[in-house]
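Examining the three-dimensional arrangement
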Amino acid sequence: MKEDINPPVRNIEEEYHINIGPQHPSTHGVLRLVASLKGETVTSLKPHCGYIHRGIEKMCEKDTYPQVIHLTDRMDYLSAHINNHVVCLLVEKALEVDVPERVQYIRTIMDELTRIASHQLWWGCFGMDMGGQTCLLYGMRDREKILDAFEESCGSRLLHSYYTPGGLMKDIHPNFQKKVKDFIKYFRKKIHDYDCILTGNVIMQERTKGVGILTKEEAIDYGVTGPTGRASGFSCDVRKRYPYGVYDRVGFKEILGTKGDTFERYMMRMLEMRESMNIIEQLIDNIPAGDYTAKMKAVLKLPAGEYYQRVESARGELGVYVVSDGNKSPYRMKFRSPNFSNLSALDHICRGFKIADLIAISGSLDFVIPDIDR
Amino acid sequence: MKSFFKYFTGIFYGVKSLLSGLSVTGKYFFSPGAIVTQQYPENRKKLEMFDRFKGEVVMPHDEKNHHRCTGCGICGNSCPNGSIEIIQDKIDTPDGKKERIIGKHIYHLSMCTFCGLCIKSCPSNALAWGQEFEHAVFDRSKLTKILNKPGSSISKDIAE
């Protein structure tokens, strides 16, 4: 399937350039990809970022640390809880605050629910990119259950701003545990439907197996993390390697692939949803009693110095680097977003494949564009 | 012969996989009870939001038109977007002193990102989340709201 696209002399006049985006349904946002084609084969691909750049890192420099949290929601809006978590962990680490056990349990559960919700939406969008519109409806329908549980406890469905440095905005709602347990019971049945309708589908398998191969070495070179990196066999799960929350107290597998093609990346996320449900089941009945927030000062001032904290978001390793000069707002804040690194590998992955495969490949990398541009 | 056999098993498994997908969609086609779509504009009279739902910031008033806001301005300082403005008034108290009270608590809904920091930071619990969510208006100026009602005053247990 893969064609040799490196003839000794590259004839530029024979190449044909096509713009995909910024307004294209299968780039899932305002990402512009300029593809150079020879016939139907992609010879190179240039991503053009910046259409949704809002300067979040610069805005953080004038905000106090509690105010930064609501901006991180808006980077990778499909894993908002996890984005909040990384800033909270950093502030708690810098101030050496002990967070109550209850908060850590709730945060871990919320993070895993976010991961499931994000993968459900991704599954729907991926199915729709491949031409199966039913998938989107099913993915959205099941995601709704999680969003309802979020709405009851956090007050909003997408941009929660639920974590604060030292704890949570509010305690979980009394119905939360029941809702989550109901959801897991429900979704264990429904994920079987997902497999019937898309995973086993012969058209989908033919279009994804052996397409868009990323080897382990290349994944490490490009800094590709998350399910995309793990599909290539790169063991990069931050939850296992640098545990935070209560991940060191729950048993779960790090799911690793071998081939690194589009189908493997698809399977990683399908298996991760099951693994996330296992994590939640271990925690949901054992939430210890206690406060939902630690005692924090009214104005948080980080001691002067440099700090780094990483978490595993639904798309890969999310890091935040802060330089503090001892004031109430950071001197410099930098987010290492997973999507930006994953995007850098796209050019390499899709070379030599057809333009129709490009949509499947970019779908399997699971881009959230506001996270790329920030 | 081998490729011939492979060709036909491929077709067989392909058709089988398509049928298993069709069986899922067919199941929903014949059981309309499993459809979960909300008929939103029609059901808005019955629609109830969760009690923690973040619709807009409101200032609850009791039946005597008393609120709990002292006009200290902490909510405005903790807001990341500057969507809260406080205009203070000075009044003469009966014992001849001058006292600052809230004049206008201006809330720009158009700038609000619903982070909830104002409500969390308020020392006298004067602010709360409202359940209203249909915010579309024809004029942008309608999104600037004055939260303390005209003629209202501070509740006595806060003032003391």
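**Side note on the overall build of chain A**
In terms of regular secondary structure, chain A is built from 15 helices and 8 strands. Computed over the C-alpha atoms, the radius of gyration of chain A is 21 Å, within 12% of the 21 Å expected from 2.2 N^0.38 for a compact globule of 374 residues. Overall, the C-alpha framework of chain A stretches about 65 × 50 × 35 Å when taken along its three principal axes. With the model as given, the accessible surface of chain A reaches about 14700 Å², and the carbon-plus-sulfur share is 53%. Charge separation in chain A, taken as the distance between the mean sites of 50 positive and 50 negative side-chain charges, equals 3 Å.

**Concerning the pairing of strand S3 (residues 41-48) of chain A**
All names here are of chain A. Taken together, the 7 bridges between strand S2 (residues 32-38) and S3 define a ladder with antiparallel strand orientation. Counterpart to Lys-38 in the pairing with S3 is Thr-41. The antiparallel pairing of S2 with S3 creates a hairpin that spans 2 residues between the two strands, and Gly-39 there sits at a positive phi of about 70°.

**Considerations on a nonpolar patch on the surface**
All names here are of chain B. A cluster of nonpolar side chains, contributed by Met-1, Phe-4, Tyr-7, Phe-8, Ile-11, Val-15, Leu-19 and Leu-22, occupies part of the molecular surface with about 910 Å² of accessible area. By the secondary structure assignment, Leu-22 is in helix H1 (residues 2-29). Overall, the relative accessible area of 54% leaves Leu-22 in the exposed class.

**Quick notes on the domain arrangement of chain B**
When the domains of chain B are assigned, the result is domain 1 (2-34) and domain 2 (56-159). Its C-alpha centre places domain 1 of chain B at a distance of 61 Å from the equivalent point of domain 2 of chain B.

**Observations concerning the nonpolar core**
Residue and element names in this part refer to chain A. With 81 residues, the main nonpolar core has Met-110, Leu-113, Trp-123, Tyr-162, Phe-176 and Tyr-266 as its most contacted residues. Considering every element that reaches this core, the biggest residue donor is helix H4 (residues 101-129), with 11 residues. Not counting residues up to four positions away in its chain, the partners in contact with Tyr-162 are His-81, Asn-84, Ile-106, Met-110, Ser-153, Cys-154, Leu-168, Met-169, Lys-170, Asp-171 and Ile-172.

**Section: the packing of H4 of chain A against helix H14 (residues 355-364) of chain A**
Residues and elements named next belong to chain A. In contact at an axis separation of 9 Å, H4 and H14 are set at 180° when each is read in the N-to-C sense. Considered as vectors, H4 and H14 are oriented roughly antiparallel to each other. When H4 is examined against H14, the residues Trp-122, Phe-126 and Asp-129 are found in contact with a partner set consisting of Ile-359, Ala-360, Gly-363 and Ser-364. Here the contact of H4 with H14 is built from residues that sort into 4 nonpolar, 2 polar and 1 charged.

**Side note on the packing of aromatic side chains**
Residues and elements named next belong to chain B. Under the definition given, this model contains 18 aromatic pairs over all chains. Summarising the aromatic geometry, the rings of Phe-53 and Phe-133 are spaced 6.1 Å apart at their centres and angled 90° between planes, so their arrangement reads as edge-to-face. In this pair, Phe-53 sits in the loop between H1 and strand S1 (56-58) while Phe-133 sits in the loop between strand S5 (128-130) and strand S6 (144-146), placing the two residues 80 residues apart along the sequence. Given a relative accessible area of 11%, Phe-53 falls into the buried group. By relative accessible area, Phe-133 is classed as partly exposed at 30%.

**Section: the interface of chain A and chain B**
Counting residues at the interface gives 33 residues for chain A and 26 residues for chain B. Taking both partners together, chain A and chain B bury about 2300 Å²; carbon and sulfur atoms supply 57% of that area. Counting the contacts that link chain A with chain B gives 1 salt bridge. The closest approach of N and O atoms between Lys-27 of chain B and Asp-193 of chain A, which form a salt bridge, is 3.7 Å. A total of 8 residues in the side of chain A that touches chain B trace back to one element, the largest contributor, which is helix H5 (residues 133-154) of chain A. Partitioned by chemical class, the residues of the side of chain A that touches chain B number 9 nonpolar, 12 polar and 12 charged.

**Details of the packing of helix H11 (residues 262-284) of chain A against H14 of chain A**
Residues and elements named next belong to chain A. One can describe the packing of H11 onto H14 by two numbers: an axis separation of 9 Å at closest approach and a directional angle of 30°. Between H11 and H14, the angle falls in the class roughly parallel. Once H11 is placed against H14, the crossing between them reads as left-handed. Of the residues in H14, those in contact with Thr-262, Arg-265 and Arg-269 of H11 are Ala-360, Ile-361 and Ser-364. Among the residues forming the contact of H11 with H14, the class breakdown is 2 nonpolar, 2 polar and 2 charged.

**Description of the pattern of salt bridges**
This structure, assessed with the given rule, holds 31 salt bridges over all chains. Note that Asp-142 of chain A and Arg-141 of chain A form a salt bridge whose closest N and O atoms lie 3.0 Å from each other. When its relative accessible area of 12% is taken as the criterion, Arg-141 of chain A is described as buried. Put simply, Lys-145 of chain B and Glu-56 of chain B hold a salt bridge, and the shortest N to O gap is 2.8 Å. Of this pair, Lys-145 of chain B sits in strand S6 while Glu-56 of chain B sits in strand S1, and the two are 89 residues apart along the sequence. Taking the relative accessible area as the measure of exposure, Lys-145 of chain B reaches 26% and is therefore partly exposed. When its relative accessible area of 9% is taken as the criterion, Glu-56 of chain B is described as buried. Each of Glu-112, Arg-115, Arg-230, Asp-237, Arg-239, Glu-272 and Glu-312 of chain A takes part in one network of salt bridges that share partners.

Procedures and definitions
- Residues numbered from 1 in each chain as written.
- Chains lettered and ligands numbered in written order.
- Predicted model: local features only at pLDDT ≥ 70, side-chain atom pairs only at ≥ 80, totals over all residues.
- Heavy atoms only, no water.
- Helix = DSSP H or I, 4+ residues; strand = E, 2+ residues; numbered from the N terminus.
- Rg over C-alpha atoms; globule rule 2.2 N^0.38 Å.
- Areas by Shrake-Rupley, 256 points an atom, 1.4 Å probe, with all protein chains shown as cover.
- Lys, Arg positive; Asp, Glu negative; His and termini not counted.
- Charge placed at Lys NZ, Arg CZ, Asp CG, Glu CD.
- Pairing = 2+ DSSP bridges.
- Patch = residues over 30% accessible without salt bridge, like charges linked within 9 Å, V, L, I, M, F, W, Y side chains within 5 Å.
- Salt bridge = Lys/Arg side-chain N within 4 Å of Asp/Glu carboxyl O.
- Buried < 20%, exposed > 50% of the residue type's maximum accessible area, 1.4 Å probe, protein only.
- Domains from an automatic or database assignment.
- Core = buried A, V, L, I, M, F, W, Y, C linked by side-chain atoms within 4.5 Å.
- Contact = heavy atoms within 4.5 Å.
- Axes fitted to C-alpha atoms, helices over the stretch in contact; angles between N-to-C directions.
- Parallel < 35°, antiparallel > 145°, perpendicular 65-115°, else oblique.
- Nonpolar A, V, L, I, M, F, W, Y, C, P; charged D, E, K, R; others polar.
- Phe/Tyr/Trp six-rings, centres within 6.5 Å; stacked < 30°, edge-to-face > 60°.
- Buried area = accessible area lost by both parts, 1.4 Å probe.
- Left-handed = near helix turned anticlockwise from the far one by under 90°.

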